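# Survey of secondary and tertiary structure
So the chains spell out like this:
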Amino acid sequence: MTLTATGAAITLSGCGKTFADGTRALEPLDLSIPAGETLVLLGPSGCGKTTLLRIIAGLESPDAGGHIAFDGADVTTLPIEKRNVGMVFQSYALFPNMSVIDNVAYGLRVRGVAKAERLRQAHAVLEMMRIDTLAERRITQLSGGQRQRVALARALAVRPRVILLDEPLTALDAALREHLRAEIDSLLRRLAITAIYVTHDQAEALALGDRIVVMRQGAIAQVGTPREVYFQPQNDFVATFVGITNRLAGSLKAGHFASAAGSLPFAGADKAEATLLFRPEAASLCAPEETGLVFQVEQVQFQGARQRVVLAGADGTRVVVEAPAEQLVAAGAAMGLRLDPSRLSLV
Amino acid sequence: MSPRSMSPHRLTFALQLLVTLVVAAFLLVPAGASILAGFTANYFRGLSSGLTLDWVKEVLKLYSDTIGFSIALALGTLAVTLVLGVPAAWALVRRPGRMARLVEEVVTLPVAIPGLALALALIIAYGGFREFRMSPLFILVGHVLYTLPFMLRSVMAVLAAVDVRTLEEGAASLGASPLQRFFHVVVPNAKGGILAGALMVVTLSIGEFNLTWMLHTPLTKTLPVGLADSYASMRLEIASAYTLVFFVMIVPLLVAIQMFGLERPLKTRAQTPTKANRGPPLIAGEQP
Amino acid sequence: MTSADRLARLFLLPLFLFVAAFFVLPLVRLVAVAGGGPNGAMEYLAILTNPRHLQTLISTLLLSAAVTFATLAIGTVVALFLARNSFPGRALLVSLLTLPLAFPGVVVGFMIILLAGRQGLLGNATQALGLGKWVFAYSMGGLFAGYVYFSLPRVLVTLMAAVDKLDPNLEEAARSLGASRLHVMRDVTLPGIAPALIASGAIAFATAVGAFGTAFTLATRIDVLAMTIYTEFTLNANFATASALSLALGLITWGVLALTRSLSGSGVAAAG
C-alpha cells in the first residue's frame, strides 16, 4: 500500500460557532496547520474542541465571517462529502449493515471505483493495518480494538488530505488504549498525513501531537509543542489541566523571583504578583546553602525507585517534589530546592 | 412467589387463576366456536351433523373477489406508505425540533380520530369527483391515511435507536452524497423498523372496516366489508367459514408482529429510553 | 449539510401534500359543512343542545367509562398473574390471549354473537342449567362485552410489560418494612404501573367512544354516537348534523389521547 504524503495545509480564520439555541460553542479563532502535522485539540468536555474538529471536517459550518482553507483553497461552503477528509468517530460509526471489507471499500464505492479495484485497495489498507483476516466479518463480531482499527482503515482508504480523529480511543480500556496510541502514532508519522486529533486525555495529547492546542470554554488557551505545554503552561488553566501540582506565589523584581521560601534568578519584566509553576520532576533537593529556596520537609513517601517529598515553605505553601530513593531526606529537616530553569513557567 | 406460603395468599392465587381462565375462555372460546362452525355441516345440530369443507368452498366461490381485493389493497397501501413514510421518517428524525414534533403530531392525528369521522370528511371533500369516488384509489387513500402513522413511528423509533446520524456522518466523511447515504446507510439500518411497520400496515389494512365501510362501492368491497355483509345476510356456517378465511390470513401476520414485539422494545428501550416510550404502543389505535 | 437539508425537505413534500389534500382539507370541509346546515353555526353545539344527541353522548361516555374500568380491572388481575407466575404453557397462553389484538370490530361483533347471540354458547349453557336463555348480544350489554373483548388484549400487553419492568426489590423493601400484601399492592405495585394504566385506559376509552364496526354488526338500534352519525349520514342524509357529530367525536377521542399522553409522558419522565 503506497499512501503518498498528500496532506493538506489547513488555515482557519475567524472561525466561531454559535448554535441555533444561542449557545456560543466557539469564539472566533485563527489557526494554521502545516501539511503533515499532527495537531492535537486538548481540553475538557464542552471546551469546543469537537466543534472545531467538525468545522474543519465540514459537518458544521462556521458563523458568518469564518473561513477554512485547504492548501489555500477556500472550502468553507464545501460539505464534508466533497472535502476529501478521513474521519474516525468516537463511536466509530461503522455501518452494521456491511462487512468489514465493504465498510473499508465504501468511500471508493461512492467515488465510482470499480468493484475489483476497490476491493483490492481496501484489502491493501487492511493488510497495512494487519487486520486483513477480519475482512469478511460483520461489525458486530469485532472487539473494540478491532473496530477502532477498521474505522481507521476505512478513513485512510480514500487517501484523505487530512485525517480527523474524534476521541478515537476513549471507548477502549486503558491497556488497549496505550497500545493503539503507539500504533496510531507510528502510522501517522509513516504516512506523513495532516492529522487533527481530539482528546481530553493529556497523556494521549503529549504522546501524539507535534503541536497541542489546549482549549477552554470555546477559546484557545495555549498552542505549543508538547514540551512547551507540559513544562511552560501560559496560564493557570493550562497548568491545572496538564496536571502541574506546584505553585509558588511571589513577585518578580530585578531579574529575581522572590517568595516566602526565598528567591531565585528569573529573567523577565518586573511583576508585583507572580506565580511560579513547576512539576515535581523539574525540581531536585539539595543542601539549603546551595540554593536560594529553602523549605522544611513535612512528609516523605517511599515509592520504590523514587520517593515523594512534601515540603512546606515559611508561609505554609506546600510543594511536592520527587527525589531518588537513595537520597537521605528526613521529615522535619530543612532542604534546599533547585529548579530546572527550562522547565519553569511564570504566570 | 410460592403460592403455598399462607392461606389468604392461596385464596388470592386461586381468584387470580379463575379470572385468568375466565378471560381466556371469553377471548378464545368464541374464536374456537367460529372456526368449528365453519367446518360443521349444521351448527344448530352441532358436531353430530358431521364435518365438511363445503362452507369454505362456498365462501371462496361467493367472496373470492373481496379476498383478492383486500390483498391487492393491502399491498398497494404498503407500497404507498413505504414511499411516503420511510423517507419522511428519516427527514423527521434528522432535525428533532418543534417543527418535527408538530409535523409528527399532525401526521399521526388520523389514528386518534375515529375512522367514521375520517371517512365522512373524505366523502364530503371528494365525493363529488365521481371517477375518483368509484375507483379503488378512494379506499386506498383512506387506508394510507390510517396506516401511515404506524409506518412513520415504527421507522422513526428504529432510526432513533441506531443513532443513524453518526452513521450518516461517517458515510458523508467518506464522500457519500445525501441520496447515497439514504439508500446505503439509512434504509439498510432501518430494515427492522420498516419490516415491523410493513407488517402493521398490511395487518391493519386487511382488517380495516370503519373507513372502508363508508368508502366502499359495490365494485370495491374488501374482506371485512364482505364479512359484515355475510354476518347480516348469510347463514351462520358461511359467516363462520368466511371468518375462518380471515383468520387464516390475519393470524400469521399477528404472530409475526408478536415475535417482533417481543424483541424490539428490549433493544430500543435499552438504547433510547425516552424515544422508545413516546406515544402509545405501536398497535394501539385502531377502532372496532 | 445544506444538501442533506434540501433532500429532507424534498422527502417531506409528498407527505405534506398527501396530508394536506386528504386530511387537512377534508377536515376543513367537514367543519364548513357542519356549520353550513339549516341551523348554521348552532349545529356545532347540536350534540349538547339536541336532547336526543345529548342522551346518546351521555350513554356513549358512560358505556366507554364502564368498558375502560372493567378492562383495566380485569387486565390488572390477569397481567399480575401472568407476569408473576410461571407454569407450563404460559408463553402459549400469553400469545393466544394477545392474538385478538387486531381483530377488526366486525369480527369482534361476530364473536359476541356467537357467545351471547340467539344461538350463543352462553345462552345454550344457561338454558341447559335451567337458568333460562341468556341473550344480550344485541344490546348495550353486547356492545360492552364487544369493547372489552377488543381492548383486553392490548391492555394486557401494555400492563404485562409494565409489571415486568417493576423492580421486585421495591415490593420486597415494602414487605421488609412490614407492609401487608394489600399495602404493597396499593402503595408500590399499582403506583408503579400507573403510567401504563393511564395510557392503556385512555386508548380503551377513546376506542370505545369512536367504535363503529362492533355496533354495526350487533345492531343498528343501539344509541351510541358512532351509530347516530352513521344513521344521520346514510339514512337521513343529514350531512350537517353528521359532520358536527363527527367533529365532536373526533375532538373527544383526540382530546383524551392527547391529554393522557402529556400526563403519562411527564409521569414516565419523572420516574426516570
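Computed from a prediction, not measured in an experiment: that's the story for all the values here.

So, about the domain arrangement of chain B. All names here are of chain B. Domain boundaries in chain B define domain 1 (1-52) and domain 2 (59-276). Computed over C-alpha atoms, the centres of domain 1 and domain 2 are 33 Å apart. Facing 11 residues of domain 1, the contacting portion of domain 2 comprises eight residues. Roughly 700 Å² is buried in total at the junction of domain 1 and domain 2, and carbon and sulfur atoms are behind 69% of that figure. Here domain 1 is connected to domain 2 by zero salt bridges. Counting every contact that joins domain 1 to domain 2 gives zero residue pairs in polar contact (both at pLDDT 80 or more). The residue inventory of the side of domain 1 that touches domain 2, partitioned by class, reads seven nonpolar, four polar and no charged.

Right, let's get into the interface of chain B and chain C. Of the residues lining the interface, 90 residues belong to chain B; the matching set on chain C comes to 86 residues. At the boundary of chain B with chain C, total buried surface from both sides reaches about 8000 Å², with 79% on carbon and sulfur atoms. At the surface where chain B touches chain C, the tally comes to one salt bridge. With a closest N to O distance of 2.9 Å, Asp5 of chain C and Arg94 of chain B form a salt bridge. For the interface between chain B and chain C, the tally reads six residue pairs in polar contact (both at pLDDT 80 or more). Among the residues making up the side of chain B that touches chain C, the classes are represented as 69 nonpolar, 15 polar and six charged.

Take the pattern of salt bridges next. Side chains bearing opposite charge may pair, as long as their charged atoms lie close to each other. Applying the stated criterion across every chain yields a total of 25 salt bridges over all chains. Note that Glu81 of chain A is salt-bridged to Arg181 of chain B, the shortest N-O span being 3.2 Å. Linking Glu81 of chain A in the loop between strand 5 (73-74) and strand 6 (85-88) with Arg181 of chain B in helix 8 (residues 178-189), this pair reaches from one chain into another. Taking relative accessible area as the criterion, Glu81 of chain A reaches 11% and is therefore assigned buried. Residue Arg181 of chain B is classed as buried on the basis of its relative accessible area of 0%. We note a salt bridge from Arg308 of chain A to Glu322 of chain A, for which the minimum N-O separation is 3.7 Å. Separated by 14 residues along the polypeptide, Arg308 of chain A in strand 17 (residues 306-312) and Glu322 of chain A in strand 18 (residues 318-324) bring together distant segments of the chain.

Residues and elements named next belong to chain C. Three or more residues of helix 9 (residues 181-192) are buried, namely Val184, Val188 and Thr189. Taken down its axis, helix 9 places every buried residue within 85° of arc, on the same side. Of the exposed residues in helix 9, the ones pointing more than 90 degrees away from its buried face are Leu182 and Arg186. Among the structural elements, helix 3 (51-84) and helix 8 (168-176) are those in contact with the buried residues of helix 9.

This part takes up the confidence of the model for chain B. All names here are of chain B. Chain-level statistics for chain B give a pLDDT mean of 83 and a share of 88% at 70 or above. Here helix 13 (residues 273-276) stands out as the least confident element of chain B, with mean pLDDT 33; helix 8 is the most confident, with 94. Scored below 50 in pLDDT, residues 1-6 shows nine contacts in the model against residues more than four places distant or in partner chains.

Here we come to the domain arrangement of chain A. Residues and elements named next belong to chain A. Once the domains are mapped, chain A shows domain 1 (10-237) and domain 2 (244-346). Taking only C-alpha atoms, the centre of domain 1 and the centre of domain 2 are 40 Å apart. Contacts between the two partners involve five residues from domain 1, matched on the other side by nine residues from domain 2. Both faces considered, domain 1 and domain 2 share a buried interface measuring about 740 Å² in area, 46% of it formed by carbon and sulfur atoms. In terms of surface lost to domain 2, no three residues of domain 1 exceed Tyr230, Phe231 and Asp236, which account for 67% of the buried area on that side. At the boundary of domain 1 and domain 2, one finds one salt bridge. Among the salt bridges present, the one from Arg247 reaches Asp236, with a minimum N-O distance of 3.2 Å.

Residue and element names in this part refer to chain A. A large share of strand 17 lies buried, amounting to five of its seven residues. When strand 16 (residues 294-302) meets strand 17, the two strands line up antiparallel, connected through six bridges. Across the sheet, residue Gln296 finds its bridge partner in strand 17, namely Ala312. Of the strand pairs in this sheet, strand 17 and strand 18 are connected by seven bridges, and their pairing is antiparallel. Considered in strand 18, the bridge of Arg308 is made with Glu322. A loop of five residues connects strand 17 with strand 18, the two strands running antiparallel in sequence, and Gly316 in this loop sits at a positive phi of about 95°.

Counting all residues, the mean pLDDT for chain A is 90, and 98% of those residues have values of 70 or more. Below pLDDT 50 for its whole length, residues 1-5 of chain A participates in 12 contacts with residues either more than four positions away or in separate chains.

So, on to the interface of chain B and chain A. Opposite the 18 residues of chain B that make contact, chain A presents 22 residues. Summed over both sides, the interface between chain B and chain A buries roughly 1600 Å², with carbon and sulfur atoms accounting for 60% of that surface. A per-residue breakdown of the area chain B buries against chain A is headed by Glu169, Ser173 and Leu174 of chain B, which together make up 40% of the total. One can count seven residue pairs in polar contact (both at pLDDT 80 or more) joining chain B with chain A. Contributing elements (two or more residues each) for the side of chain B that touches chain A: helix 7 (164-173) and helix 8 of chain B. Each residue belonging to the side of chain B that touches chain A can be placed in one class, and the counts come to eight nonpolar, eight polar and two charged.

Turning next to the packing of helix 4 (residues 115-126) of chain B against helix 6 (residues 136-161) of chain B. Two packed helices can be described by the angle between their axes and the distance between those axes. Residues and elements named next belong to chain B. Packing of helix 4 against helix 6 leaves a shortest axis separation of 11 Å and a crossing angle of 140°. Taken together, the axis directions place helix 4 and helix 6 in an arrangement best described as oblique. The two elements helix 4 and helix 6 meet at a crossing, and its hand is right-handed. For the pair helix 4 and helix 6, contact is made by Leu118, Leu122, Ile123 and Tyr126 and by Phe138, Val141, Gly142 and Leu145, respectively. Classifying every residue of the contact of helix 4 with helix 6 by side-chain character gives seven nonpolar, one polar and no charged.

Taken as a whole and judged by the stated rule, the model has 29 aromatic pairs over all chains. Residues Tyr126 of chain B and Phe129 of chain B carry aromatic rings whose centres are separated by 5.9 Å and whose planes lie at 45° to one another, so their mutual orientation is tilted. Seen from their ring centres, Phe212 of chain C and Tyr230 of chain C are 5.2 Å apart, and the 50° between their planes marks the pair as tilted. With a gap of 18 residues between them, Phe212 of chain C in the loop between helix 10 (194-210) and helix 11 (213-218) and Tyr230 of chain C in helix 12 (residues 225-235) connect regions that are remote in the sequence. Per residue, the accessibility class of Phe212 of chain C equals that of Tyr230 of chain C, and both read buried. Members of the aromatic cluster, each reached through a chain of ring pairs, are Tyr126, Phe129, Phe132 and Phe138 of chain B together with Phe18 and Phe22 of chain C. Lying over the aromatic face of Phe95 of chain A, Arg154 of chain A brings its terminal NZ or CZ to 4.6 Å of the ring centre. Directly above the ring of Tyr230 of chain A sits Arg279 of chain A, whose terminal nitrogen or CZ lies 3.4 Å from the centroid.

Rules of the game
- Residues numbered from 1 in each chain as written.
- Chains lettered and ligands numbered in written order.
- Predicted model: local features only at pLDDT ≥ 70, side-chain atom pairs only at ≥ 80, totals over all residues.
- Heavy atoms only, no water.
- Domains from an automatic or database assignment.
- Contact = heavy atoms within 4.5 Å.
- Buried area = accessible area lost by both parts, 1.4 Å probe.
- Salt bridge = Lys/Arg side-chain N within 4 Å of Asp/Glu carboxyl O.
- Polar contact = N/O pair within 3.5 Å; in protein donor to acceptor, adjacent residues only side chain to side chain.
- Nonpolar A, V, L, I, M, F, W, Y, C, P; charged D, E, K, R; others polar.
- Helix = DSSP H or I, 4+ residues; strand = E, 2+ residues; numbered from the N terminus.
- Buried < 20%, exposed > 50% of the residue type's maximum accessible area, 1.4 Å probe, protein only.
- Arc of directions from axis to C-beta.
- pLDDT = per-residue confidence, 0-100.
- Pairing = 2+ DSSP bridges.
- Axes fitted to C-alpha atoms, helices over the stretch in contact; angles between N-to-C directions.
- Parallel < 35°, antiparallel > 145°, perpendicular 65-115°, else oblique.
- Left-handed = near helix turned anticlockwise from the far one by under 90°.
- Phe/Tyr/Trp six-rings, centres within 6.5 Å; stacked < 30°, edge-to-face > 60°.
- Lys NZ or Arg CZ within 6 Å of the ring centre and 35° of its normal.

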